[in-house]
Amino acid sequence: MNRHISESVNHRSGHISHFLVCFLFVLHTDAFANDEAKQLSQHGIALAQKGEMQAAIEAFDHAIQLNPQDGHVYLHLANAYLATSNLGAATQACQKAIHLLPEAAEAYATLGQIFHRNGKLESAMVEYQKAIGLNAEIAEYHYDLGNIYHSLGRLKVAEEAYQATLRLKPKLATVYHNLAEIYQPQGRLDKAIEAYQQALKYSPDDEYTKKQLAEVNRKKMQKVAREILYYQTAISLHPTQAQNYKQLALAYYRNRQLEEAIESLRLALYLQPDSEQARFDLESVLQQKEKSLNTALEKARAQPENHKVQYTIGIIYLSKGDFPTATKHFRQALESDSTSAIVWLKLGEALQSSGEPKEAREAFRQAIRFQPNLSEAHQQLGILEKEIGNLDAAINHLEKATSTVTSAKARVASAKTYYHLGEAYHRKKQLTAAMAAYHTAIRLKPDTVSAYLQLGAIYAEMGNQGAALTFYRRFIAMVRPRPEFHQQMRGAEKLLNEMKMTQ
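Residues numbered from 1 in each chain as written. Predicted model: local features only at pLDDT ≥ 70, side-chain atom pairs only at ≥ 80, totals over all residues. Heavy atoms only, no water.

Q: Quick question: what am I supposed to make of the overall build of the protein here?
A: Along the backbone of the protein there are 25 helices and 0 strands. Within the protein, the proportion of its 503 residues that are buried is 45%. Looking at the protein as shown, the accessible area adds up to about 26900 Å², and 52% of this sits on carbon and sulfur atoms. Averaging the positions of the 58 positive and the 53 negative side-chain charges in the protein gives two centres separated by 7 Å. (Helix = DSSP H or I, 4+ residues; strand = E, 2+ residues; numbered from the N terminus. Buried < 20%, exposed > 50% of the residue type's maximum accessible area, 1.4 Å probe, protein only. Areas by Shrake-Rupley, 256 points an atom, 1.4 Å probe, with all protein chains shown as cover. Lys, Arg positive; Asp, Glu negative; His and termini not counted. Charge placed at Lys NZ, Arg CZ, Asp CG, Glu CD.)

Q: Looking at this structure, I do not really get the packing of aromatic side chains. What am I missing?
A: For any pair of aromatic rings, the description consists of the separation of the ring centres together with the inter-plane angle of the planes. On inspection of all chains with the given rule, the structure shows 8 aromatic pairs. Residues Tyr-230 and Tyr-231 carry aromatic rings whose centres are separated by 4.9 Å and whose planes lie at 85 degrees to one another, so their mutual orientation is edge-to-face. For Tyr-230, a relative accessible area of 56% translates into the label exposed. The interplanar angle of 35 degrees and the centroid separation of 6.1 Å between the aromatic rings of Tyr-452 and Phe-471 together place this pair among those described as tilted. With a gap of 19 residues between them, Tyr-452 in helix α23 (residues 449-461) and Phe-471 in helix α24 (residues 465-478) connect regions that are remote in the sequence. Using a relative accessible area of 1% as the deciding quantity, one classes Tyr-452 as buried. These aromatic residues form a ring-pair network of at least three members: Tyr-452, Tyr-459 and Phe-471. (Phe/Tyr/Trp six-rings, centres within 6.5 Å; stacked < 30°, edge-to-face > 60°.)

Q: Mind showing me how you'd approach helix α16 (residues 323-336) here?
A: If you check α16, its first and last C-alpha atoms are 21 Å apart, about what 14 residues at 1.5 Å a residue would give, namely 20 Å. As for α16, its buried residues are in contact with α15 (307-320) and α17 (341-353). (Expected span 1.5 Å × (residues − 1). Contact = heavy atoms within 4.5 Å.)

Q: Help me out: how do you make sense of the side chain of Asn-178 in this one?
A: Tracing the sequence through the fold places Asn-178 in helix α9 (residues 173-183). Assessed through its relative accessible area of 11%, Asn-178 is described here as buried. A distance of 3.3 Å separates a polar atom in the side chain of Asn-178 from a polar atom in the side chain of Asn-147. The contacts of Asn-178, once residues within four sequence positions are left out, are Tyr-143, Asn-147, His-150 and Tyr-162. (Polar contact = N/O pair within 3.5 Å; in protein donor to acceptor, adjacent residues only side chain to side chain.)

Q: Would you explain the confidence of the model for the protein in this entry?
A: The predicted structure's coordinates, where accompanied by low pLDDT, should not be read in detail. Here the protein shows a mean pLDDT of 90. Residues at 70 or above account for 93%. With pLDDT under 50 throughout, residues 1-31 is counted as low confidence; its partners more than four residues away or in other chains account for 1 contact. (pLDDT = per-residue confidence, 0-100.)

Q: What exactly am I supposed to notice about the pattern of salt bridges here?
A: Scanning all chains against the criterion turns up 19 salt bridges. Here Glu-227 and Arg-254 are joined by a salt bridge, their closest N and O atoms 3.3 Å apart. You can see Glu-227 sitting in helix α11 (residues 207-237) and its partner Arg-254 sitting in helix α12 (residues 242-254), a full 27 residues away along the chain. A salt bridge links Glu-349 to Lys-346, with the nearest nitrogen and oxygen atoms 3.4 Å apart. Of this pair, Glu-349 and Lys-346 both sit in helix α17, 3 residues apart, which is roughly one turn of that helix. (Salt bridge = Lys/Arg side-chain N within 4 Å of Asp/Glu carboxyl O.)

Spelled out as structure tokens, the structure:
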């Protein structure tokens, strides 16, 4: 090797050694800076968790100065700015994070939150959709998207987003609440009630949810009451159309009035004895009632014995029609709590159904003694006094039993009260008062069939033959599917023919 070549090689060798030293120094410096940046980032996260957002922002800024290519720090910085409502700075930091981390679902979700807070709902929707496209397993992304859809009035997709949220996190009370607020204005009241109840299961102290649940229950009661009244009226006008009885049964069933539902289904089957569907519906409700009662009985018997359990068992046997067993359990309940008006009331019902009117009368009196405004006790005692012939006492108690009608069940009970009040007035020959009571019973429950017969008789006594004919005809038409009224129907038909002959 000649001298020139040797010098050249030595020169390059020295230059390369210097470059390697510088390169290694830079690597060491970068590594040190990266480590410091990571420490600052972790410190910023800890500060943010303690709510010290301004200090956290300063830590994240310092970390970015040391390592401007770390997209995660920009994302932390964006969330810190979002927490302080500095939406402009949050947007810039988040967009930088997305540039550095284009596959990070969290970055798009954070940008969605920023747009959401800024009122840019359509832009927020797009970002949430991107986040879900990258990672569909985060419940919060679906929930936030559902909120956007909800705010935009896109209720179908909002519901789908909320349901997707619950598949990932099934115990989020706010999601159930929001679903209920979708169902309620759509008239899906049963689903709304179920959703509110689920919300309260996971957040039992939420007063707003409790208030909303009470409101939707009130609306459901009003809706069901209107449905029941509608089909009762339809039956009074078209008493031989089986479909009206089926629809009334369905309305009663929705309102958990199983006895009334069963009665309506029996009438539908009487009108359509060959209908397999009518037979199936009736058997299904009967089986459901029996199953529910047996389940409740097993549950009650599994509890430690006390007066409440004895009362519950008595109610179950009363519903089953086993009156002696019901009586036994009501008496056992009273041994522990002799001042319970409701137990005395139910004991009276069991005794009356067992054919023991004197004992029933005393039980009803005791119920009133311990709860003077218990309208159901006044009603039952009033009916009993009427049957015994104590008409003044009957009228006194039945008038006390009349109350404000607030539900479908109350309408049925009040119609019964007014009908028996009408009978008491009728027997005392107070025809105007009796007529008013019968009309009220029909207004409350248009398929109160006996009231039509009694009004026919009253109008005949008052010499109003036209009105009498009208009510006799309506009675006859309404009782054709009711065999228990056929003897009275034949009597009404005879009176009707006699009246026609005298015209």
